[in-house]
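# A closer look at the structure
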Amino acid sequence: MPKRVDHEVRRAQIAEALIQVAGRRGLHAVGMRDVAAEAGVSLRLVQYYFETKEKLLFHGLQHLTDRFTARVGEHLRAAGPNPGPRATIEALLLASLPTDEESRTFHLLYSSYSILSVTDEALAAQPFIDNPDAAENALTGLLRQAQESGLADPGVDARTEAISLLAMTATMGTSILVGQRTPESAVAVLHHHLDRIFAPTRPAASPDPR
């Protein structure tokens with residue numbers, strides 16, 4: 001009886017091979033033959049599942065995003081059953097900082113994808129991110145929730161702070177990759193900004209009864 005092939009498993013295997021090779025050599029230097037060798041399959045099989053390198057790269061991005069989502073879930077579970085807005089925001093942001101090998105690969109390749117999507121016409125023709133504002137909207141909602149609960153400074157603009165936190169985390173991630181700063185110092189900077197946003201507010205002074 002011929003062996004049944006799970007095509008989704010095989011596609012995931014090839015996408016994982018792409019991520020592994022690109023993490024070592026850089027996304028721009030990876031060819032379909034390299035991916036086939038890493039996955040232990042033939043070049044013909046890679047071409048069967050992904051007709052072009054661009055299609056392979058795009059599927060690799062989706063696979064990378066799924067891995068990142070799982071990583072965020074791990075950080076949230078580690079924060080406890082009811083983490084609250086600050087811990088949730090911290091988990092989301094820390095998951096994207098390159099503090100270990102897996103997150104380093106994610107940041108490196110995600111940055112490479114964003115650059116290639118600007119310069120490569122075939123990649124540019126495909127949506128780089130299905131919902132580009134998802135993270136910004138999520139952080140904005142959490143900050144507003146914290147403000148309504150009295151856990152965050154009511155005077156800050158939630159949308160602006162969300163944009164700033166995401167931009168800062170992305171920039172610090174790159175600075176870690178190039179050796180400008182350590183993961184520990186980046187985490188300390190992140191905590192500094194969260195402390196500012198989530199600083200306890202003093203209750204209004206009672207009127208003088210005299």
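Residues numbered from 1 in each chain as written. Predicted model: local features only at pLDDT ≥ 70, side-chain atom pairs only at ≥ 80, totals over all residues. Heavy atoms only, no water.

Ranked by internal contacts, the top residues of the largest apolar core, which has 24 residues, are I14, L18, L27, V35, V46, L56 and Y113. At the level of elements, α1 (7–25), α2 (32–39), α3 (43–49), α4 (53–78) and α6 (101–119) are the ones that each hand at least two residues to this core. With six residues, α1 is the largest single contributor of residues to this core. With 21 residues, the next largest nonpolar core counts I89, A146, A162 and M168 among its residues. (Core = buried A, V, L, I, M, F, W, Y, C linked by side-chain atoms within 4.5 Å. Buried < 20%, exposed > 50% of the residue type's maximum accessible area, 1.4 Å probe, protein only. Helix = DSSP H or I, 4+ residues; strand = E, 2+ residues; numbered from the N terminus.)

Looking now at the environment of V187. Note on placement: V187 falls in helix α10 (residues 183–197). Distance in space between the C-alpha atoms of V187 and M172 is 9.1 Å, their sequence separation being 15 residues. In this structure, V187 is in contact with L94 and L97, ignoring residues within four places of it in sequence. (Contact = heavy atoms within 4.5 Å.)

Tracing the chain through its elements places R24 in helix α1. R24 sits 31 residues away from K55 along the chain, and the two C-alpha atoms are 21 Å apart.

In this structure the tally under the stated criterion is 10 salt bridges. Between R67 and E16 there is a salt bridge; the shortest N-O distance is 2.6 Å. Residue R67 is located in helix α4, and its partner E16 is located in helix α1; the two are separated by 51 residues in the primary sequence. Note on E16: relative accessible area 24%, which makes it partly exposed. Between E90 and R86 there is a salt bridge whose closest N-O contact spans 3.8 Å. Taken as a pair, E90 and R86 lie in helix α5 (residues 84–96) at a separation of four residues, close to a single helical turn. E90 sits in the buried class, given a relative accessible area of 19%. Among the residues examined, R86 registers a relative accessible area of 25% and is labelled partly exposed. (Salt bridge = Lys/Arg side-chain N within 4 Å of Asp/Glu carboxyl O.)

Okay, empty space enclosed by the protein next. For the structure on display, the rule yields two cavities of 30 Å³ or more. As a volume, the second largest cavity reaches approximately 40 Å³. What lines the second largest cavity is simply L64, R67, F68, R71, E102 and F106. Those elements that place two or more of their residues in the lining of the second largest cavity are α4 and α6. With four residues, α4 is the single largest residue contributor to the lining of the second largest cavity. Counted by class, the lining of the second largest cavity contains three nonpolar, no polar and three charged residues. (1 Å grid on protein atoms, 1.4 Å probe; cavity = no way out; pocket = protein on both sides within 12 Å on 5 of 7 lines; lining within 4 Å. Points joined across faces, edges and corners; volume = space filled by probe spheres on them. Nonpolar A, V, L, I, M, F, W, Y, C, P; charged D, E, K, R; others polar.)

Another aspect to go through is the packing of aromatic side chains. Within the structure shown, the criterion is met by three aromatic pairs. Seen from their ring centres, Y48 and Y49 are 5.0 Å apart, and the 80 degrees between their planes marks the pair as edge-to-face. When the centroid spacing of 4.5 Å and the interplanar angle of 10 degrees are considered together, the rings of F68 and F106 count as stacked. On the criterion of sequence distance, the pair formed by F68 in helix α4 and F106 in helix α6 is long-range, its members being 38 residues apart. An aromatic cluster of three or more residues is present, and its members are F68, F106 and Y110. (Phe/Tyr/Trp six-rings, centres within 6.5 Å; stacked < 30°, edge-to-face > 60°.)

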